[in-house]
Amino acid sequence: MKALIVRSALKRATTPSSTKLLLGRSFSSESQPERKVAILGAAGGIGQPLSMLVKLNPLVSSLSLYDIANTPGVAADVSHINSRAEVAGFAGEEQLGKALEGSDVVIIPAGVPRKPGMTRDDLFNINAGIVKSLCIAIAKYCPNALVNMISNPVNSTVPIAAEVFKKAGTYDEKKLFGVTMLDVVRAKTFYAGKANVPVAGVNVPVVGGHAGITILPLFSQATPKANLPDDVIKALTKRTQDGGTEVVEAKAGKGSATLSMAYAGAIFADACLKGLNGVPDIVECTFVQSSVTELPFFASKVRLGKNGVEEVLGLGPLSDYEKEGLENLKPELKSSIEKGIKFANQS
């Protein structure tokens, strides 16, 4: 009996505390099902820190890292971290299928980041083709995986993915997500600072899309309630919408919001994995096929489950300022969605 107690104490002591701190876990991974996660674009600015953070997640048993080059080195580095996931690196298009086979979740941060002066239209011209080709491979090699789209502009790349999957006959609207978690992360951080409350307990829904004015944080629904004045709410909204530009300018041409995006991507992937594993009441904001508004895709709170999207939740009560923001964002979001659909169907 004594030996058993010592062994279990030792197991607790050797569970990486970084994992517990990062993802709030304190249970053993031994009872968890096998889950494979593939990251496409794993050698890039978002991909590398994202690979590390996903490696720390005890729900992941297999981590597949893919990029057009340099992935074996990233995989070797990440594989030395003492956590559950077995890591494999794949480089070049000929290895893409092997990277994807058997994946439960595919995260796509592939493409180029935004640089000073670049618009999301500039990004579209480069990233749209990359996303399209990756989605063709996903449809072939892991058609049932949950797809977490990070590559910008998300307002267009998610519709591109949907069209590719429709053409392949594999589209399931419950399994395609635009990752808007960074907008939520920023809204929580900025709100906590102004409300002078601990950020760990803050929740702020963010709806709409994932670019500029299409990002609509619902501070009227934020908890804990702080009754901030209107001018502060407007400033918080603007800062949340311009968060990406703030980082691009601060880095002065040396990069974009890669680290905070990697964190947000890892947190959303964790929510998807929990849902797949049957953990109840997993609700996060994400950009999905939706009937919440007249637009075909929209970000709102979504309940995640064993098949991906379990339920797309409504917007709830909005302030007058938020109602105005909702109407203002619709034309731009509609245009971005249509641009993605048009691109996907051109060839």
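Note that this is a predicted model, so its numbers are computed, not measured.

**Q** Give me the domain arrangement of the chain: which residues, what numbers.
**A** Many structure descriptions define interface size as the accessible area lost when the parts assemble. Looking at the chain, the domain boundaries give domain 1 (36-179) and domain 2 (181-337). Placing a centre on the C-alpha atoms of domain 1 and another on those of domain 2 gives a separation of 21 Å. Taken together, the contact pairs 35 residues of domain 1 with 40 residues of domain 2. Summing both sides of the interface, domain 1 and domain 2 together bury roughly 3100 Å²; the carbon and sulfur share of this comes to 68%. For domain 1, the biggest contributors to the area lost against domain 2 are Arg-114, Asn-155 and Val-179; these three give 21% of the whole. Between domain 1 and domain 2 we count eight residue pairs in polar contact (both at pLDDT 80 or more) in total. Elements with a minimum of two residues in the side of domain 1 that touches domain 2: helix H3 (47-55), strand E4 (105-108), strand E5 (146-149), helix H7 (154-168) and strand E6 (176-178). The greatest single-element share of the side of domain 1 that touches domain 2, amounting to six residues, is contributed by H7. Class assignment for the residues of the side of domain 1 that touches domain 2 results in 21 nonpolar, seven polar and seven charged.

**Q** Lay out the UniProt feature "domain: Lactate/malate dehydrogenase C-terminal" (unreviewed entry) in the chain in plain terms, naming residues and giving numbers.
**A** Here, UniProt's "domain: Lactate/malate dehydrogenase C-terminal" (unreviewed entry) annotation points to residues 180-343. Between the end C-alpha atoms of residues 180-343 the distance is 22 Å, and the span holds 48% helix and 17% strand.

**Q** If you had to explain unusual backbone geometry to someone new, which residues and values would you point to?
**A** A cis geometry characterises the amide bond from Asn-152 onward to Pro-153, with omega recorded as -5°. For Pro-153, the location among the structural elements is in the loop between E5 and H7. Cis geometry marks the peptide bond from Thr-223 to Pro-224; its omega dihedral reads -5°. In this structure, Pro-224 sits in the loop between strand E8 (215-217) and helix H9 (230-241). The phi torsion at Asn-227 lies on the positive side, around 50°, for a residue other than glycine. Among the structural elements, Asn-227 can be located in the loop between E8 and H9. We classify Asn-227 as exposed; its relative accessible area is 67%. Here the phi dihedral of Ala-252 falls at roughly 50°; this positive angle occurs in a residue that is not glycine. Its place among the elements puts Ala-252 in the loop between helix H10 (243-250) and helix H11 (258-276).

**Q** Before we move on, could you go through the layout of surface pockets and cite the residues and values that matter?
**A** The gaps of empty space that remain are located by a probe, the size of a water molecule, rolled over the atoms. Space inside the largest pocket adds up to approximately 890 Å³. For the largest pocket, the lining is made up of 48 residues, of which Pro-109, Ala-110, Gly-111, Val-112 and Ser-151 are closest to its centre. Counting only elements with at least two residues in the lining of the largest pocket, the list comes to strand E2 (62-67), helix H5 (96-100), helix H6 (120-141), helix H8 (181-195), H10 and H11. If one sorts the elements of the lining of the largest pocket by residue count, H6 sits on top with ten residues. Partitioning the lining of the largest pocket into residue classes produces 22 nonpolar, 18 polar and eight charged. Mapping the lining of the largest pocket onto the domain boundaries places at least three of its residues in each of domain 1 (36-179) and domain 2 (181-337).

**Q** An account of H9 is needed here, citing residue identities and associated values.
**A** A rise of 1.5 Å per residue sets the reference length of H9, with its twelve residues, at 16 Å; its end C-alpha atoms lie 17 Å apart and thus fit the reference within 8%. In this structure, the buried side of H9 is in contact with H8, E8, H10 and helix H12 (320-346).

**Q** Pulling in residues and values, what's your account of empty space enclosed by the protein?
**A** Applying the stated rule across the entire model yields two cavities of 30 Å³ or more. In this structure, the largest cavity occupies an estimated 80 Å³ of space. Forming the boundary of the largest cavity are Ile-138, Ala-139, Pro-143, Ala-145, Val-147, Phe-165, Thr-170, Tyr-171, Asp-172, Lys-175 and Leu-176. Residue classes in the lining of the largest cavity are distributed as eight nonpolar, one polar and two charged.

**Q** I'd love a proper account of the packing of aromatic side chains, names of residues and values included.
**A** On inspection of all chains with the given rule, the structure shows four aromatic pairs. Relative to Phe-268, the ring of Phe-177 has its centre 5.6 Å away and its plane inclined at 65°; by these criteria the two rings are edge-to-face. On the criterion of sequence distance, the pair formed by Phe-177 in strand E6 and Phe-268 in helix H11 is long-range, its members being 91 residues apart. Side by side, Phe-177 and Phe-268 carry an identical accessibility label, which is buried. When the centroid spacing of 5.9 Å and the interplanar angle of 10° are considered together, the rings of Tyr-191 and Phe-219 count as stacked. Here Tyr-191, found in helix H8, pairs with Phe-219, found in the loop between E8 and H9; they are 28 residues apart in sequence, far enough to count as distant. Residue Tyr-191 shares its accessibility class with Phe-219, and that shared class is buried. In this structure, Lys-339 is placed above the aromatic ring of Phe-124, and the distance from its NZ or CZ to the ring centre is 4.6 Å.

**Q** Can you lay out the side chain of Ser-290 for me, pointing to particular residues and giving the numbers?
**A** Here Ser-290 is to be found in the loop between strand E9 (282-289) and strand E10 (297-305). Note on Ser-290: relative accessible area 10%, which makes it buried. In this structure the side chain of Ser-290 is engaged in a polar contact, spanning 3.0 Å, whose partner is the backbone nitrogen of Val-292. Discounting chain neighbours no more than four positions away, the residues touching Ser-290 are Leu-295, Pro-296, Phe-297, Phe-298 and Val-312.

Cut-offs and rules
- Residues numbered from 1 in each chain as written.
- Predicted model: local features only at pLDDT ≥ 70, side-chain atom pairs only at ≥ 80, totals over all residues.
- Heavy atoms only, no water.
- Domains from an automatic or database assignment.
- Contact = heavy atoms within 4.5 Å.
- Buried area = accessible area lost by both parts, 1.4 Å probe.
- Polar contact = N/O pair within 3.5 Å; in protein donor to acceptor, adjacent residues only side chain to side chain.
- Helix = DSSP H or I, 4+ residues; strand = E, 2+ residues; numbered from the N terminus.
- Nonpolar A, V, L, I, M, F, W, Y, C, P; charged D, E, K, R; others polar.
- UniProt positions renumbered as here; feature names shortened; annotations may be inferred.
- Buried < 20%, exposed > 50% of the residue type's maximum accessible area, 1.4 Å probe, protein only.
- 1 Å grid on protein atoms, 1.4 Å probe; cavity = no way out; pocket = protein on both sides within 12 Å on 5 of 7 lines; lining within 4 Å.
- Points joined across faces, edges and corners; volume = space filled by probe spheres on them.
- Expected span 1.5 Å × (residues − 1).
- Phe/Tyr/Trp six-rings, centres within 6.5 Å; stacked < 30°, edge-to-face > 60°.
- Lys NZ or Arg CZ within 6 Å of the ring centre and 35° of its normal.

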